[in-house]
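The residues making up each chain are set out below.
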Amino acid sequence: MGQKSGFLAVVFLLFATGLPTGADADGVAVIAGKREGRTSAEPAEAAVNEPFATAFDLEGRLWGVEFTRANRVFRIDPAAAGGAGLPTFVAGQFHLADPQAPEPPAGPTALGEVRFNGLHDLAIGPDDTIYLADTFNHRIRALDPRTRLLRTIAGTGIAGDAGDGGPAALAHFNQPYCVSLVPGGGALLVADIGNARLRSIDLVTGVVTTVAGNGVKGAPEDGALATATPLAGPRAACAAADGTIWLALREGNALVAIRQGRVSVAVNAKGEAGFAGDGGPGTAALLAGPKYVAMDGRGRVLVCDTENHCIRRYDPATGIIVTVAGIPGRPGTALGGDWRTTHLSRPHAARIDPAGNLVVADSDNDRILAGALD
């Protein structure tokens, strides 16, 4: 059996039949979502709304978050574990985001009582703790799937820029958009976009520090001390095995590397929005509003080139960038025979699953896609 056929065999083993795949035996599969979810005032259990990110726990279950359309955390269990392949909504109440929503309690809270506001991202620790970026509540939350309790680990709920060197729970954040764990799981990177900083929370001591950004919104200074340079919209970060931190700049339309405390621009030295440079050096390429970064199994960086409706891959070893999913500049819903012939619409996350396949949160299509990656 070929790689692609083998992948879809696994998909249909893990995720129950009946989901609208629309793909042939060698294509990209829909593993969650349906278009009618966006138009329903109270969507059916099978519908996810604006999925913005996914992650996998130690048992291979897929977890995800919805953005402002619904504000919920969901889980998809493998059929082999007794699941039906449909999303189970674990935390949060379906509601359109309300900037005047009541403040969430700071202590442990039962999941049924939780009201998130603009969930953007999640990361799952080595103990299966699920860290959530509760963006418009200016907090980072920790969900324990065993006790089914939620606690706040960072942020007071008041937008601001304060607290470095002290407890993260007493610090001020301003719209923390993305969270990701460093290798080993000892620290959580937080893209604190409203403060133009990338921050880190030590999960042992609870102390928060700034990794990059001086609090000024602007183009990064190539080669500058990371904590002394402006940042134009630090939207998402991930850490490689060698310690390099890769940071996507939304307004800066760029991918930067942070090594040994200094910043260098890896993709889009001009910082202009657009699409260009496939197959060539990343510094000469263009991006348009990148929203997410993740590592693949070979040390390459996956970039959600969101406003170009595609996923691109940057190889630090060669400096080359290529498109691996989606059709640049052509949003749509059609599923193709592979990733490069499949249409996406403003994807907000891309991740490699435990089997090495690409999983994409195809946000404006209200679906999650999966398929073998070349």
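Residues numbered from 1 in each chain as written. Predicted model: local features only at pLDDT ≥ 70, side-chain atom pairs only at ≥ 80, totals over all residues. Heavy atoms only, no water.

Q: Describe in detail the overall build of the protein, supporting the description with residues and values.
A: Counting its secondary structure elements, the protein contains one helix and 26 strands. Scored against the burial criterion, the 374 residues of the protein give a buried share of 59%. Of all intrachain contacts in the protein linking residues separated by at least 6 positions in sequence, the fraction that spans at least 24 positions is 43%. For the protein, the accessible area works out to roughly 13800 Å², and carbon and sulfur atoms hold 54% of it. (Helix = DSSP H or I, 4+ residues; strand = E, 2+ residues; numbered from the N terminus. Buried < 20%, exposed > 50% of the residue type's maximum accessible area, 1.4 Å probe, protein only. Contact = heavy atoms within 4.5 Å. Areas by Shrake-Rupley, 256 points an atom, 1.4 Å probe, with all protein chains shown as cover.)

Q: Now, about the pattern of salt bridges: what can you tell me, with residues and values included?
A: Opposite charge on two side chains permits them to pair, given that their charged atoms come into close proximity. In this structure the tally under the stated criterion is 18 salt bridges. Notably, a salt bridge pairs Asp134 with Arg141, separated by 2.8 Å at the nearest N-O pair. Comparing Asp134 with Arg141 shows no difference in burial state: the two are buried. Linked by salt bridges that have partners in common, Lys291, Glu307, Arg346 and Asp364 make up one network. (Salt bridge = Lys/Arg side-chain N within 4 Å of Asp/Glu carboxyl O.)

Q: Explain the confidence of the model for the protein residue by residue, including any values.
A: With 83% of its residues at a pLDDT of 70 or more, the protein has an overall mean of 87. Within the model, the stretch residues 1-25 combines pLDDT values under 50 with 47 contacts to residues more than four positions away or in other chains. (pLDDT = per-residue confidence, 0-100.)

Q: Please set out the environment of Ile124 residue by residue, giving values where relevant.
A: Following the sequence through the fold, Ile124 ends up in strand 7 (residues 119-124). Under the relative-accessibility criterion, Ile124 is labelled buried at 15%. In this structure, the C-alpha to C-alpha distance between Ile124 and Ser180, residues 56 residues apart in sequence, is 8.4 Å. Excluding residues that lie within four positions of it along the chain, Ile124 makes contacts with Ala55, Phe56, Asp57, Trp63, Thr129, Ile130 and Leu181.

Q: Kindly report on the pairing of strand 16 (residues 245-249), identifying the contributing residues and their values.
A: With five of five residues buried, strand 16 is to be regarded as a mostly interior element. Burial along strand 16 is two-sided: the residues Ile245, Leu247 and Leu249 and Trp246 and Ala248 are all buried. As judged from the five bridges shared by strand 15 (residues 234-239) and strand 16, these two strands associate in the antiparallel manner. For Cys238, the partnering residue across the bridge sits in strand 16 and is Trp246. The turn joining strand 15 and strand 16, which pair antiparallel and follow one another in sequence, is formed by five residues; a positive phi near 95° is taken by Gly243. In this structure, the hairpin formed by strand 16 and strand 17 (residues 254-259) is closed by a connection of four residues, where Asn253 is found at a positive phi of approximately 55°. (Pairing = 2+ DSSP bridges.)

Q: Report on unusual backbone geometry, specifying residues and quantitative values.
A: The phi torsion of most residues other than glycine is negative, and most of the peptide bonds are trans. One non-glycine residue, Asn71, lies in the positive phi region at around 60°. Looking at the secondary structure, you find Asn71 in the loop between strand 3 (62-66) and strand 4 (73-76). Look at Asn71 and you get buried, because its relative accessible area is 0%. Positive phi outside glycine occurs at Arg148, with the angle close to 60°.

Q: Kindly report on the sheet that holds strand 16, identifying the contributing residues and their values.
A: Pairing in this open sheet of four strands is antiparallel, and the strands run 15-16-17-18 from one edge to the other. Where the open sheet ends on each side, the last strands, each with one partner, are strand 15 and strand 18 (262-267). Mean inter-strand twist for the sheet, computed between neighbouring axes without regard to direction, equals 25°. (Axes fitted to C-alpha atoms, helices over the stretch in contact; angles between N-to-C directions.)

Q: So what's going on with the layout of surface pockets? Which residues, and what values?
A: Empty space within the largest pocket amounts to approximately 670 Å³. Looking at the largest pocket, it is lined by 30 residues, and the ones nearest its centre are Leu181, Ala239, Ala294, Met295 and Arg351. Elements with a minimum of two residues in the lining of the largest pocket: strand 2 (51-56), strand 7, strand 11 (176-181), strand 15, strand 20 (292-295) and strand 24 (349-352). Grouping the constituent residues of the lining of the largest pocket by class yields 21 nonpolar, four polar and five charged. (1 Å grid on protein atoms, 1.4 Å probe; cavity = no way out; pocket = protein on both sides within 12 Å on 5 of 7 lines; lining within 4 Å. Points joined across faces, edges and corners; volume = space filled by probe spheres on them. Nonpolar A, V, L, I, M, F, W, Y, C, P; charged D, E, K, R; others polar.)

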